[in-house]
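Single-letter residue listing:
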Amino acid sequence: MEKKRTQLVDHNRVFTNVMVWPALIILLLTSLLPIIYVLVTSLTDMTLITMNRGGTQWVGLKNYIDAIQDKDFLHSIWVTVKFTLLAVVTETIFGTLLALFLHGSGRPSKLLRTLFLFPMLCPPITITLIWQTMFSNSYGILNQILGVFGIAPVNWLQDINTAFYSVLWVDIWQYAPFVFLLVYVALCQMPQDLHEAAALDGANSFQRLRHITLPYLAKPMTVVILLRLIDTFRLFDKVNVLTKGGPYNSTRTITMYIYQRGYNDLDIGVTSATSILMTLLILLIAFPYIRSSFKQMVQRR
Amino acid sequence: MKPKRKVWRGIVTALLLIWTFFPIYWMISLAIRGNEELTSALSFFPKSFTFEHFRMLFVKHHFEQALWNSFIVTAISLIIALIVGLACSYILVRVRFRFGLRKVSFFWILLVRVLPPIAFAMPLYFIFNYLQLSETRLPIIVAHLLINLPLIIWFTMTSIDSLAQGIEESAQIDGASEWQIYSHIILPQIYPSIAAVGMLSFMASWNEYLYAVIFIQKRDLFTLPLLLSTMNSEQELTQWGQIGAGGIISMIPVLIFVIFAQRYLIAGLSSGGVKE
Amino acid sequence: MATVGLNEVVKVYDNGVLAVQDFNLQIEDKEFIILVGPSGCGKSTVLRMIAGLESITEGEISIDGKVVNNVSAKDRDIAMVFQNYALYPHMTVYDNIAFALKMRKVPKDEIDNRVRHAAETLQLTELLDRKPKQLSGGQRQRVALGRAIVREPKVFLMDEPLSNLDAKLRVEMRVQITKLYQQLQTTIIYVTHDQTEAMTMGTRIVVMKDGIVQQVATPTDLYNLPVNLFVARFIGMPPMNTIEGRLGKDEAGLFVCAEPIGTDSKEQSTHAVDSVKLYLLPRYETEEVLAHLDRPVILGIRPEHIYMEPEDVERYSDTKLQVKAEVVEMLGAESYLYLKTQWDSNLTARINDQVHDVRYDDMITVALDPDHIHLFDYETEVSIIH
């Protein structure tokens, strides 16, 4: 018999409202207000000075037009996109391989699984600082190891050719475990009978990997990839600590750019406009994620 | 499994573990080696052993202050977020609450999860500045609420939804009021989920850096990540020892969670996302 | 005193689905009323409306003479046992049973008394400290019952409580519930889709289909005097056999000429040659039946009223017919014969013995007991004999 979802018949209106509104109000105040603020100020030429002393003027879409034409801003978009794509692709490959490897070893060890998660659980700041010491030109352990093999030291964080990839490396190191975890969990939940049927049909392990495992993983992997895209796009922590956007802005991500413009130049109008632009970019990426999550949530009604 | 294969697997696993834990080993090695070693040529293995760096953290950098700050901010925002968020998600899931509002709430929560923090951070900073509140703890706590509320609501909505509905009806007939149903029936059933999301939230707050950088100017309000980040220095190598020590301390909550509540932690993480 | 009255009750869901129509029922104190019917017939909806878990679109429900349409569930003094027990998983058996009393602020020692008393009645005393997940299905069901009886309510409502149990347990629990009923002497309203439960447990049965009450009667009356074809086929296992035919009358008396109704005339005429006439006893010649002369009817006969012993076939020669045996199932004390008529209809016969001499494709002659023939109008499916 199809069980229809029924509702509790009488609701205490007071109870319902008291329960639900505090969270929603806090959320609204902390998110809606800033967004409105940003939208409004992006159309002005407000700076920190004019905000306190007055003198702000409407400039319409000038900030946006300026931003789109700003070489530095565009460059930061390029840096961010390049970084995000490289990071996510590499993380996904590493993470998935790791998951497949661990899963394939018969008795998956719970301990190992937790151990491999470690990078992701550590505070990003701590990780970043440690890698910074490892990357150090004169004293870093990496260069010392290279020295053992007779290779010249590399100025990881200050050489324009390597800085970007050094930061990239740290991010991949930290978040490949996230991909690993989600793929691994999905693998554990994979129904075995498909494999058994395929084995009976004569497929070897490689074929089974290709035709059964990978298609099955497509769905969880898409979720992971989307999440990582959204999160990596915002990259700030590592850049701010390791390179501060340099050298020569080669690691200046969008967030870094906005931060510097806002904090250093105190230019609120521009900061707001670029924030909005960044938000639009992220929404583009996040759109599939939002759509499927929303559908999922609503479907359950 | 053929022995040769097992050996091969073992080697790969060992390499992977080295890859995973080397930086952590390094951090520990920095934290415990004596000052004399922290000069130009750092050996691979520490040659000496000292607690000096830990001591210096507290003496020189007033580490205990940052610990306290991080703890206060995390605890307050977590407690508020839990109280308010759990209540909200219960209503959103269970009660036929003006259907349109529920859809809008879902959507907004998703949106907040996805939008870049910088978009909120700068305006919030300016607003608090304007309100003359930027010297207080309020901004950072509010920022953390912004991080944790959507997470908690979204997460617990999923768990409440999976509860059998007959139990609430049964409680209703038994004479429980709405509040009693919530506190005696719903909440006890989702304690594991609350633990999982509580841990996730705690870690997100504890590790948080961006909002701290933007909102906290006064040194004595610095949170842990912020304080640590000021210690990086290539000139003064002895700082590295303190960085290592500070790093170890910063990982203590994680270690506690991993040792005692591994199951909840994994469950939380794998249900879709740790915020950076 | 606990009477329940339902007056012209209607339930329409928000999406427009009409779940219950024109439901009228007066339940006396201490009755064991059973609502039975196929899935989706509205029986659970009626129960939930009585409980207060569903709103009432139209009509009135009253308990002990007081209209309770707007009274909330917890104030109606009813207790309910759910299909999947709905035990509080995080509480012990003791706390599960005590919960309702705690909510009503009953003093602690009285709670203890009542809980232990209920536990004893249901043999749960050793399980009081366990949690639901440590119990078997039957034990959980007993806890659900315990939770209900400890409240000493005016009315017990039960929503398919035995559906999740395996066959053996179901029989045990059926007996247990019946014993409880006799012990407690309260009004019970019970919902099930299983006609066996309905027949064995209830004092009165309400058969429902598609939201409409088909018949309200005691088990015996329901079995012997079904008011329409649906009830006739729903009650009784194996279900009543049906033979389509046309009512006719000749010198020998009233008969039903067996023929498939609704085929085209050409086929009808070929069959007419071989047609079988089943004669009805004179007492069937009522006004209502005679009004159906030359009209299509459905003849109903229960499996136990089809006989194959030669003496019976001899005695009831007016209602005999040739059939082909397809399958013989021997259950030990009785056997089921699955038969096919000349016009390709299926009949099931229940024989109170072991049947050894009938094989597949054997043509045999059986006779229908003329005293137990049912007649239904072909179109309306309403019974035309009473």
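All values reported here derive from a predicted model rather than from experimental measurement. (Residues numbered from 1 in each chain as written. Chains lettered and ligands numbered in written order. Predicted model: local features only at pLDDT ≥ 70, side-chain atom pairs only at ≥ 80, totals over all residues. Heavy atoms only, no water.)

Counting its secondary structure elements, chain C contains 11 helices and 20 strands. Projected onto its principal axes, the C-alpha coordinates of chain C cover approximately 80 × 50 × 35 Å. By the burial criterion, 53% of the 386 residues in chain C qualify as buried. Partitioning the contacts of chain C with sequence separation of at least 6, the portion at a separation of at least 24 is 67%. With 41 positive and 58 negative side-chain charges, chain C shows a separation of 11 Å between the mean positions of the two kinds. (Helix = DSSP H or I, 4+ residues; strand = E, 2+ residues; numbered from the N terminus. Buried < 20%, exposed > 50% of the residue type's maximum accessible area, 1.4 Å probe, protein only. Contact = heavy atoms within 4.5 Å. Lys, Arg positive; Asp, Glu negative; His and termini not counted. Charge placed at Lys NZ, Arg CZ, Asp CG, Glu CD.)

From N to C terminus, chain B includes 13 helices and 0 strands. Each helix and strand of chain B, ordered N terminal to C terminal, gives the series α-α-α-α-α-α-α-α-α-α-α-α-α. Here the C-alpha coordinates of chain B stretch approximately 75 × 70 × 30 Å along the principal axes. Restricting the contact set of chain B to residue pairs at least 6 apart, pairs at least 24 apart contribute 69%. Just so you have it, chain B exposes about 10800 Å², and 69% of that area is on carbon and sulfur atoms. Computed over 20 positive and 15 negative side-chain charges, the inter-centroid distance for chain B is 12 Å. (Areas by Shrake-Rupley, 256 points an atom, 1.4 Å probe, with all protein chains shown as cover.)

Here the focus is the nonpolar core. Among the nonpolar cores identified, the biggest contains 222 residues, and B:Ile214 and C:Phe23 are the most heavily contacted of them. Considering each element in turn, this core owes the most residues, 15 residues, to helix H8 (residues 163-188) of chain A. With residues up to four places along the chain from it excluded, the contact list for C:Phe23 reads C:Leu6, C:Asn7, C:Glu8, C:Val9, C:Leu35, C:Val46, C:Val206, C:Met208 and C:Val213. If you look at the next biggest cluster of nonpolar residues, it comprises 48 residues, including C:Tyr94, C:Val115, C:Ala118 and C:Ile188. (Core = buried A, V, L, I, M, F, W, Y, C linked by side-chain atoms within 4.5 Å.)

Before going further, it helps to spend a moment on the domain arrangement of chain C. All names here are of chain C. Domain assignment breaks chain C into domain 1 (4-234) and domain 2 (241-377). The gap between the C-alpha centroids of domain 1 and domain 2 is 40 Å. At the interface, 8 residues of domain 1 touch 6 residues of domain 2. Summed over both sides, the interface of domain 1 with domain 2 buries roughly 630 Å², with 57% coming from carbon and sulfur. Counting the contacts that link domain 1 with domain 2 gives 0 salt bridges. At the junction of domain 1 and domain 2, the tally comes to 3 residue pairs in polar contact (both at pLDDT 80 or more). Looking at the side of domain 1 that touches domain 2, the elements with two or more residues in it are helix H7 (219-224) and helix H8 (229-234). A per-class count over the side of domain 1 that touches domain 2 returns 5 nonpolar, 2 polar and 1 charged. (Domains from an automatic or database assignment. Buried area = accessible area lost by both parts, 1.4 Å probe. Salt bridge = Lys/Arg side-chain N within 4 Å of Asp/Glu carboxyl O. Polar contact = N/O pair within 3.5 Å; in protein donor to acceptor, adjacent residues only side chain to side chain. Nonpolar A, V, L, I, M, F, W, Y, C, P; charged D, E, K, R; others polar.)

Counted according to the given criterion, the structure contains 28 salt bridges over all chains. Residue A:Asp171 is joined to A:Arg228 by a salt bridge in which the shortest nitrogen-to-oxygen separation is 4.0 Å. One end of the pair, A:Asp171, is in helix H8; the other, A:Arg228, is in helix H10 (residues 205-233), and 57 residues separate them in sequence. Summarising the burial analysis for this pair, A:Asp171 and A:Arg228 share the class buried. Put simply, C:Lys277 and C:Asp250 hold a salt bridge, and the shortest N to O gap is 3.6 Å. Within this pair, whereas C:Lys277 is found in strand S13 (residues 276-279), its partner C:Asp250 is found in strand S11 (residues 241-250), the two being separated by 27 residues in sequence. A cluster of three or more residues bridged by salt bridges with shared partners is formed by A:Glu91, A:Asp171, A:Arg228 and A:Lys238.

Among the structural elements, A:Asn240 can be located in helix H11 (residues 237-242). Among residues more than four places away in sequence, those in contact with A:Asn240 are A:Met256, A:Tyr259, B:Tyr209 and B:Val213.

Moving on to the packing of aromatic side chains. Taken as a whole and assessed by the stated rule, the structure comprises 30 aromatic pairs over all chains. Relative to A:Phe180, the ring of A:Phe116 lies with its centre 6.0 Å away and its plane at 80°, an arrangement referred to as edge-to-face. Of this pair, A:Phe116 sits in helix H5 (residues 110-121) while A:Phe180 sits in helix H8, and the two are 64 residues apart along the sequence. The burial state of A:Phe116 is the same as that of A:Phe180; both residues are buried. Between B:Tyr90 and B:Tyr182, the aromatic rings sit 5.2 Å apart at their centres with planes inclined by 40°, giving tilted as the arrangement. Remark: B:Tyr182 occurs in helix H8 (residues 178-189) and B:Tyr90 occurs in helix H3 (residues 63-94); sequence separation between them is 92 residues. Here the two residues B:Tyr90 and B:Tyr182 agree in accessibility, since each one is buried. When the ring centre of A:Tyr175 is taken as origin, the NZ or CZ atom of A:Arg228, which lies over that ring, is 4.0 Å away. Seen from the ring of C:Tyr223, C:Arg302 lies directly overhead, with NZ or CZ sitting 3.9 Å from the centre. (Phe/Tyr/Trp six-rings, centres within 6.5 Å; stacked < 30°, edge-to-face > 60°. Lys NZ or Arg CZ within 6 Å of the ring centre and 35° of its normal.)

In this section: a nonpolar patch on the surface. All names here are of chain A. Taken together, the side chains of Leu28, Leu32, Ile36, Leu39, Val40 and Trp58 define a hydrophobic patch exposed on the protein surface, amounting to about 570 Å² of accessible area. Within the secondary structure, leucine 39 sits in helix H1 (residues 13-41). Overall, the relative accessible area of 42% leaves leucine 39 in the partly exposed class. (Patch = residues over 30% accessible without salt bridge, like charges linked within 9 Å, V, L, I, M, F, W, Y side chains within 5 Å.)

This brings us to helix H5 (residues 117-130) of chain B. Residues and elements named next belong to chain B. Taking 1.5 Å per residue, 14 residues should reach 20 Å; H5 reaches 20 Å between its end C-alpha atoms and fits that length. The buried count for H5 comes to 11 of 14 residues, which makes it a mostly enclosed element. Phi turns positive one or two residues past the end of H5, at glutamine 132, with a value near 60°. (Expected span 1.5 Å × (residues − 1).)

All names here are of chain C. As paired strands, strand S17 (residues 335-341) and strand S18 (residues 346-351) are joined by 6 bridges and run antiparallel to one another. Residue pairing across strands places tyrosine 336 opposite arginine 350, the latter belonging to S18. With antiparallel pairing between neighbouring strands as the criterion, S17 and S18 make up a hairpin whose turn holds 4 residues, including aspartate 344 at a positive phi of roughly 70°. (Pairing = 2+ DSSP bridges.)

We now examine the sheet that holds strand S14 (residues 296-301) of chain C. Residue and element names in this part refer to chain C. Read across the open sheet, the 5 strands follow the order S13-S12-S11-S14-S20; overall the sheet is antiparallel. On the outer flanks of this sheet lie S13 and strand S20 (374-377), each paired with one strand and no other. Here the average twist between neighbouring strands, direction ignored, is 45°. Both S14 and S20 contribute to a ladder of 4 bridges, which runs antiparallel. What sits directly across from valine 297, in S20, is aspartate 377. (Axes fitted to C-alpha atoms, helices over the stretch in contact; angles between N-to-C directions.)

In this complex, chain A contributes 103 residues to the contact, which on the side of chain B involves 108 residues. Roughly 9900 Å² of surface becomes buried between chain A and chain B when both sides are summed, with 74% attributable to carbon and sulfur atoms. For the pair chain A and chain B, the interface holds 1 salt bridge. Here A:Asp231 and B:Arg113 are joined by a salt bridge, their closest N and O atoms 3.4 Å apart. For the pair chain A and chain B, the number of links is 8 residue pairs in polar contact (both at pLDDT 80 or more). No other element matches H1(A), which puts 19 residues into the side of chain A that touches chain B.

All names here are of chain C. Strand S8 (residues 187-192) sits mainly inside the fold: 6 of its 6 residues count as buried. Judged by which residues are buried, S8 turns out to be covered on both faces: Thr187, Ile189 and Val191 on one side and Ile188, Tyr190 and Thr192 on the other are all buried. The pairing of strand S7 (residues 155-159) with S8 spans 5 bridges and is classified as parallel. Within S8, the residue paired with methionine 158 across the bridge is tyrosine 190. In terms of handedness, the path from S7 via helix H5 (residues 167-184) over to S8 forms a crossover that is right-handed. (Right-handed = clockwise from strand over helix to strand, strands pointing away.)

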